[in-house]
Amino acid sequence: MSDKRTPDDGPESDAAGFDFTPATGSTPDDTTPDLDDVVLEDDDPGLFDDLLSGEPIFENKDVLRPSYTPRELPHRDEQINSMATILVAALRGETPSNILIYGKTGTGKTASAKYVSQELKQTSRRYEVPCEVEYINCEVTDTKYRVLAQLANTFISKNRTHVDERIETLESLRDAVVSGDRRIDEHSPRNGSADAGGASTDVTSPDADPGGLDPDLPTGEFDDVADITARIEALEADRNEWEDVPMTGWPTDRVYDAFFDAVDYQERVVVIMLDEIDKLVEKSGDDTLYNLSRMNSELRNSRVSIMGISNDLKFTEFLDPRVKSSLGEEEIVFPPYDANQLRDILEHRADVAFKPDVLSDDVIPLCAAFAAQEHGDARRALDLLRTAGELAERGGATPVEEDHVRQAQEKIELDRVVEVVRTLPTQSKLVLFAIITLEKSGVHNINTGEVYNVYNGLCEEIDADVLTQRRVTDLISELDMLGIVNAVVVSKGRYGRTKEISVSVPIEETEAVLVSDSRLADIENPQPFVQARFGDADSE
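The structure displayed is predicted, hence computed values, not measured ones.

Some remarks on the overall build of the protein chain
Stage number 1. Looking only at helices and strands, the protein chain has 18 helices and nine strands in total.
Stage number 2. A buried classification covers 41% of the 540 residues belonging to the protein chain.
Stage number 3. Accessible surface, the protein chain: about 30,600 Å² in total, of which carbon and sulfur atoms supply 46%.

Structure representation (structure tokens):
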């Protein structure tokens with residue numbers, strides 16, 4: 001459809017049908033708004049101008065994020081050297097031993113493993129050794145199917161790239177031979193090597209030294225142009241056979257076969273890094289690890305090594321003994337950082353992350369001290385430092401002070417609580433809602449029976465299944481383990497024992513998260529029923 005207007009098109013209007021043509025007989029006057037009057041003038045401050053007017057604090061904020069891999073990892077030389085000593089076998093074309101890496105959150109496991117992997121890949125390129133590292137986060141890719149599908153598609157993509165480059169080179173060679181710019185010699189080259197198809201070439205320029213090779217052309221052996229064409233057609237057939245694995249729908253055996261064929265298409269040593277490997281075992285069992293750790297006995301061209309990373313020191317207890325023995329050939333433990341080590345790490349990162357002289361002297365020691373209380377968690381220390389900087393920058397304050405660190409500590413803890421509460425199952429949310437209802441009503445030392453009575457009423461209000469009191473007691477214990485409530489068992493003498501329960505997190509914010517759940521949003525003014533307490537002189 002043409003955008004051109006004709007005199008017969010009628011009054012001019014915009015796409016929404018608004019008429020911009022003055023009414024017949026009327027003339028524009030001072031009351032008619034001008035478009036320039038509606039739009040802000042260039043000199044008027046916009047929404048972001050004030051925010052941009054302050055001096056930035058950060059030079060490179062990404063340095064403080066968990067995804068960043070630093071060039072230096074203080075206090076992890078021993079673990080890094082251990083990994084390098086094991087993986088150097090890959091650079092010799094040998095199969096490295098499988099490695100299991102243990103340590104609590106924030107002890108530098110993943111950062112160290114990624115650092116070593118980057119060094120391995122760079123060295124392999126320098127020495128022209130086919131060595132690859134593939135990283136999978138098993139907290140995200142947490143099933144056997146997804147792990148194998150991701151690996152299969154990765155190597156299918158790599159194979160396509162290799163074949164496309166090979167075909168392009170062979171086509172150039174064929175064109176050069178046909179035009180007479182190159183000739184095919186029958187003797188094999190002194191420095192020949194095999195391509196994906198296993199043959200070697202010797203192609204020289206008619207004007208070149210007969211004993212030399214043109215470095216821009218592949219090495220191999222072809223009798224004539226037909227041989228080159230046959231090789232191209234064979235490579236095209238290989239490429240056409242590869243089919244991307246869908247994320248669902250195939251039998252798992254077929255997915256494994258697709259990965260096996262793809263990884264074995266070329267000579268190479270592959271290190272598969274499985275981060276949060278315990279999550280994969282927890283959800284899908286150890287079948288994936290069994291297959292991966294045993295596949296070298298069937299591979300012809302490639303070799304595969306597994307590097308597993310886990311926060312759970314005991315997860316191997318649930319593995320089949322055969323998997324445990326082959327997977328844990330080498331074990332490396334990452335101990336927690338102490339406050340001084342955390343301080344060194346923060347100082348290394350802060351030099352790159354912040355502009356000069358924007359941190360007061362007590363900021364880094366305080367961040368390190370807070371994180372040392374959290375079992376030496378470097379990730380927590382970095383989050384604290386980054387969040388403190390962000391709070392200072394938003395408030396237009398320089399330098400970053402101790403108060404910003406304390407505010408950051410509160411914010412991070414609240415964000416953690418919000419995320420934990422948001423992802424609770426509905427029944428756990430109902431139990432927590434009951435406890436909050438009682439506490440807001442002024443009930444102290446809440447006991448399990450009181451929680452169960454309120455919980456019962458909440459279930460009836462939203463038409464949810466009512467669990468037994470024993471199961472509700474278990475859910476209270478789970479909330480206690482998460483740090484959301486505090487549940488202490490106390491003795492009531494001849495009346496037995498009970499749990500005294502209180503909320504350990506900010507009540508208003510927690511309740512807001514609960515009512516954001518569509519099922520709990522319909523609850524209106526729940527009324528707590530407090531039963532008589534035996535042994536309490538004031539109870540009736």
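As for a negative patch on the surface
Stage number 1. Together, D361, D362, E401 and D403 make up a region of like negative charge exposed at the surface.
Stage number 2. With respect to the element layout, D362 can be found in the loop between α11 (339-353) and α12 (363-373).

Some thoughts on the packing of helix α15 (residues 426-440) against helix α16 (residues 448-462)
Stage number 1. Taken N-terminus to C-terminus, the directions of α15 and α16 make an angle of 120 degrees; their axes are 8 Å apart at the nearest point. Looking at the two axes, α15 sits oblique to α16. Once α15 is placed against α16, the crossing between them reads as right-handed. Residues Q427, L430, V431, F433, A434, I435, T437 and L438 of α15 touch α16, and the partners they reach there are E450, V451, V454, Y455, L458, C459 and I462.
Stage number 2. Broken down by class, the residue content of the contact of α15 with α16 amounts to twelve nonpolar, two polar and one charged.

Points about unusual backbone geometry
Stage number 1. In this chain, T398 is followed by P399 through a cis amide linkage whose omega measures 5 degrees.
Stage number 2. Notably, E276 is not glycine yet its phi reads approximately 55 degrees, a positive angle.
Stage number 3. Structurally, E276 is set in the loop between β5 (268-275) and α8 (277-284).

A word on the nonpolar core
Stage number 1. Among the nonpolar cores identified, the biggest contains 48 residues, and F259, I272, L274, L289, L292 and M295 are the most heavily contacted of them.
Stage number 2. Among the elements that line this core, the one with the most residues is helix α5 (residues 144-179), at 13 residues.
Stage number 3. Apart from the residues within four sequence positions on either side, L289 is in contact with L274, I277, L280, V281, L319, V323 and L327.
Stage number 4. Core analysis: the next-biggest nonpolar cluster, separate from the first, contains 36 residues, V420, I436, Y452 and Y455 among them.

Observations regarding the sheet that holds strand β1 (residues 99-102)
Stage number 1. The strand order across the open sheet formed by five strands is β2-β5-β6-β1-β7, and the pairing between neighbours is parallel. Each edge of the sheet is formed by a strand with only one pairing partner; in this case those strands are β2 (131-137) and β7 (330-333). Averaged over neighbouring strand pairs, the angle between their axes works out to 15 degrees when direction is ignored.
Stage number 2. Looking at chain direction, β5 and strand β6 (residues 302-310) are connected through eight bridges and run parallel. Among the inter-strand pairings, V269 is bridged to a residue of β6, identified as R303.
Stage number 3. Running at roughly 95 degrees to β6, α8 makes contact with β5 and β6 of the sheet.

Quick notes on the side chain of Q266
Stage number 1. In this fold, Q266 is placed in the loop between α7 (252-263) and β5.
Stage number 2. Relative accessible area serves as the criterion here: at 18%, Q266 is assigned to the buried category.
Stage number 3. Side chain to side chain, Q266 and N159 meet in a polar contact 3.2 Å long.

Details of the packing of aromatic side chains
Stage number 1. The final tally for this structure, using the stated rule, is six aromatic pairs.
Stage number 2. When the centroid spacing of 6.5 Å and the interplanar angle of 55 degrees are considered together, the rings of Y102 and F315 count as tilted. Of this pair, Y102 sits in strand β1 while F315 sits in the loop between β6 and α10 (321-327), placing them 213 residues apart in sequence. F315 shares its class with Y102; the two are buried.
Stage number 3. Aromatic pair Y452 and Y455: ring centres 5.8 Å apart, planes at 35 degrees, arrangement tilted. Here the residue Y452 and the residue Y455 both occupy positions in helix α16, the gap between them amounting to three residues, near one helical turn. Accessibility classification places Y452 together with Y455 in one group, the buried group.
Stage number 4. Over the aromatic face of W250 sits the side chain of R254, whose NZ or CZ is 3.6 Å from the ring centroid.

Parameters at a glance
- Sequence order as written defines the numbering, with residues in each chain counted from 1.
- Side-chain atom pairs in this predicted model are given and counted only at pLDDT of 80 or more, local residue features only at pLDDT of at least 70, and totals for whole chains, interfaces and linings cover all residues.
- Values reported for side chains reflect all heavy atoms of the structure, with hydrogen atoms and water molecules removed beforehand.
- What counts as a helix is a DSSP run of H or I of at least four residues, what counts as a strand is a run of E of at least two, and both are numbered from the N terminus.
- Residue burial is assigned from relative accessible area. The probe radius is 1.4 Å, only protein chains are included, and a residue is buried under 20% of its type maximum, exposed over 50%, and partly exposed in between.
- Note on areas: these come from Shrake-Rupley sampling with a 1.4 Å probe, and a residue is covered only by the protein chains present in the view.
- Patches were defined on residues exceeding 30% relative accessible area and lacking a salt bridge, with like-charge contacts within 9 Å and nonpolar side-chain contacts (Val, Leu, Ile, Met, Phe, Trp, Tyr) within 5 Å.
- Each salt bridge in this description consists of a side-chain nitrogen of Lys or Arg and a carboxyl oxygen of Asp or Glu lying within 4 Å of one another.
- Only four residue types enter the tally: Lys and Arg on the positive side, Asp and Glu on the negative side; His and the chain ends are excluded.
- By convention, the charge on Lys lies at NZ, on Arg at CZ, on Asp at CG and on Glu at CD.
- Working convention: axes come from line fits to C-alpha atoms, limited for helices to the stretch in contact. Angles between N-to-C directions cover 0 to 180 degrees.
- Roughly parallel here means an angle under 35 degrees, roughly antiparallel means over 145, roughly perpendicular means 65 to 115, and every remaining angle is called oblique.
- Left-handed is the label given to a crossing in which the near helix is rotated counterclockwise from the far helix by less than a right angle, and right-handed is the label when the rotation is clockwise.
- Only heavy atoms matter for contacts: two residues are in contact if any of them lie within 4.5 Å across the pair.
- Ten residue types, Ala, Val, Leu, Ile, Met, Phe, Trp, Tyr, Cys and Pro, are classed as nonpolar, four, Asp, Glu, Lys and Arg, as charged, and the remainder, Gly among them, as polar.
- For this analysis, a nonpolar core means a set of buried residues of the types Ala, Val, Leu, Ile, Met, Phe, Trp, Tyr and Cys, connected via side-chain atoms within 4.5 Å.
- A pair of strands is labelled paired if DSSP reports no fewer than 2 bridges between them.
- Pairs of N or O atoms are called polar contacts if they sit within 3.5 Å, as long as, within protein, a hydrogen donor faces a hydrogen acceptor (for residues adjacent in sequence, only side-chain-to-side-chain pairs).
- What counts as a ring pair is set by centres within 6.5 Å for rings of Phe, Tyr and Trp (its six-membered ring), and what kind of pair is set by the plane angle: stacked under 30 degrees, edge-to-face over 60, tilted for all other angles.
- In this scheme, Lys NZ or Arg CZ marks a charge over a ring once it lies within 6 Å of the ring centre and within 35 degrees of the ring normal.

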